[in-house]
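This is what each chain is made of:
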Amino acid sequence: MKTLLLASAAVTVMSGAAFAQEACASYTVKDGDSLGSIAQTAYGTFDYQMIFNANRSAIENPNSLDPGTVLQLPCEDGSLSEGTKVTDIIEQEEEKQAKKAKSNVYEPPIKLVSGNGWAPFTGEDLKGGGMLVRLATTALNRGGNDREHNLSFVDDWAAHFETLLPLGAFDVSIAWVVPSDCSKPDELDDNSRMRCTELDATLPIYETVTAYWSRSDNEYAAVKSFADYAGATICRPEGWSILDLTSEGLVEPVVTYIAPPTARDCVEAVLSGKADMTSLDLETGGASVNEVAEAAGVIQPNPNLSKLESLHFVTHKTNPRGRVYIAMLNKGLNEMRESGEWYAIIADSLAEFNKAGL
């Protein structure tokens, strides 16, 4: 499978001038640049999530870059400069934690649940269970926390909400998009409304870029507003939130939704013409395109539209200790952001994902 990141310097020509765009270096945005074009030149892929992660404070809207903005283009392993490895930061923080005195008071392990098939975010075959699982388990031992945990993978994601959390089989589910505004539940789709009324969530743990993938020859491939998707057949894997689309008025019958089991199924639907577009985060979309014969180079993300979606750890409101666990996770994550461990785990997970070509 094609590797998603290439650690090679490259040069692109725009408007008659040559602008160097190299991994492991800074780059000044020029007129006409996009995150996708910068990533394509520096890394050989349109997946710009790593650039976005490293420059979150400088990028307000991934669809629109201001000329003159200085971006740091990470190295292949996600490090921001040569000689500084993200794995060193992780090891340093683990050594600090190991030296801390542990409480003698017994507390039952926190029961965590996630699911497979969502690389690089979650999966039993990924390092530490995937990026988001690594963030959760590390947060439980940072910020003054000292809690053991049990981790299971249940691939029926809907069951997390419907039975596993409400019945107390698990305490925390990893990880979900939760509406940023729950003040008007009647305006939300059923799934989003349930997330507002039944779940408690941590602060955002990660912002993923959701892209809109179509065949390059499809009439919806490069529309410039969500309203232009009216009439389209849209594929979104079963159980995934469609809040990014329904919040823009893309509800049935304005559009038609199909929901097969996996992201790969959606890519195949777009390739065959059964769907005009599939809504997938950059990592999942890129990996799924590479898995499907004849899709590479044919199915591409809309260069004009994308959305940021915040992911959260969640507990069920019926869990008497749920909010305590949310507070513990938030406390640990805040320490990890300050120490740099949060970014290091994300960069290390993405580097593993890209190296393996998952």
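How each quantity is defined
- Residues numbered from 1 in each chain as written.
- Predicted model: local features only at pLDDT ≥ 70, side-chain atom pairs only at ≥ 80, totals over all residues.
- Heavy atoms only, no water.
- Helix = DSSP H or I, 4+ residues; strand = E, 2+ residues; numbered from the N terminus.
- Buried < 20%, exposed > 50% of the residue type's maximum accessible area, 1.4 Å probe, protein only.
- Axes fitted to C-alpha atoms, helices over the stretch in contact; angles between N-to-C directions.
- Left-handed = near helix turned anticlockwise from the far one by under 90°.
- Contact = heavy atoms within 4.5 Å.
- Expected span 1.5 Å × (residues − 1).
- Arc of directions from axis to C-beta.
- Phe/Tyr/Trp six-rings, centres within 6.5 Å; stacked < 30°, edge-to-face > 60°.
- Lys NZ or Arg CZ within 6 Å of the ring centre and 35° of its normal.

Q: Even after reading the chapter, I still don't get the environment of F353, so can you show me in this structure?
A: Note on placement: F353 falls in helix 11 (residues 341-356). Using a relative accessible area of 1% as the deciding quantity, one classes F353 as buried. Spatially, the C-alpha atom of F353 lies 31 Å from that of H316, the residues being 37 residues apart in sequence.

Q: Got a minute to help me understand the packing of helix 8 (residues 263-272) against helix 9 (residues 282-291) in this structure?
A: To describe two helices that pack against each other, one gives the angle between their axes and the distance between the axes. In contact at an axis separation of 9 Å, helix 8 and helix 9 are set at 65° when each is read in the N-to-C sense. Note that helix 8 runs across helix 9; the crossing there is right-handed. Where helix 8 approaches helix 9, its residues A263, R264 and V267 are matched on the opposing element by T284, S288, V289 and E291.

Q: Whenever I open this one, unusual backbone geometry confuses me. Can you help?
A: With the exception of glycine, most residues fall at negative phi, and the peptide bonds are largely trans. Cis geometry is adopted by the peptide bond preceding P120, which originates at A119 and carries an omega value of 5°. Relative to the assigned elements, P120 resides in the loop between strand 5 (110-114) and helix 4 (131-139). Between I174 and the following residue, A175, the backbone shows a cis peptide bond with an omega angle of 0°. Within the secondary structure, A175 sits in strand 7 (residues 172-177). Even without being a glycine, C24 presents a positive backbone phi close to 70°. Structurally, C24 can be placed in the loop between strand 2 (17-21) and strand 3 (25-28). At E294, a residue that is not glycine, the phi angle is positive and equals roughly 75°. With respect to the helices and strands, E294 occurs in the loop between helix 9 and strand 13 (299-316).

Q: Is there a simple way to think about helix 3 (residues 86-99) in this case?
A: An α-helical turn contains 3.6 residues, so a residue and the one three or four places further along point in the same direction. Counted at 1.5 Å a residue, the expected span for helix 3 with its 14 residues is 20 Å, and the 21 Å between its end C-alpha atoms agrees. Within helix 3, burial applies to V86, I90, E93 and Q97. Angular distribution of buried residues about the axis of helix 3 spans 70°; they occupy a single face of the element. Turned more than 90 degrees away from the buried face of helix 3, the exposed residues are A98 and K99.

Q: Whenever I open this one, the packing of aromatic side chains confuses me. Can you help?
A: One pair of aromatic rings is described through two measures. These are the centre distance and the angle between the planes. Inspection of the entire model under this criterion finds 9 aromatic pairs. Measuring from ring centre to ring centre gives 4.8 Å for W118 and F121, while their planes differ by 45°; the resulting arrangement is tilted. For W118, a relative accessible area of 11% translates into the label buried. Judged by relative accessible area, which is 0%, F121 ranks as buried. Clustering of aromatic rings is evident, with ring pairs tying together W118, F121, W157, F161, W176, Y206 and W240. Between K307 and the ring centre of F226, over which it is positioned, the NZ or CZ distance is 5.3 Å.

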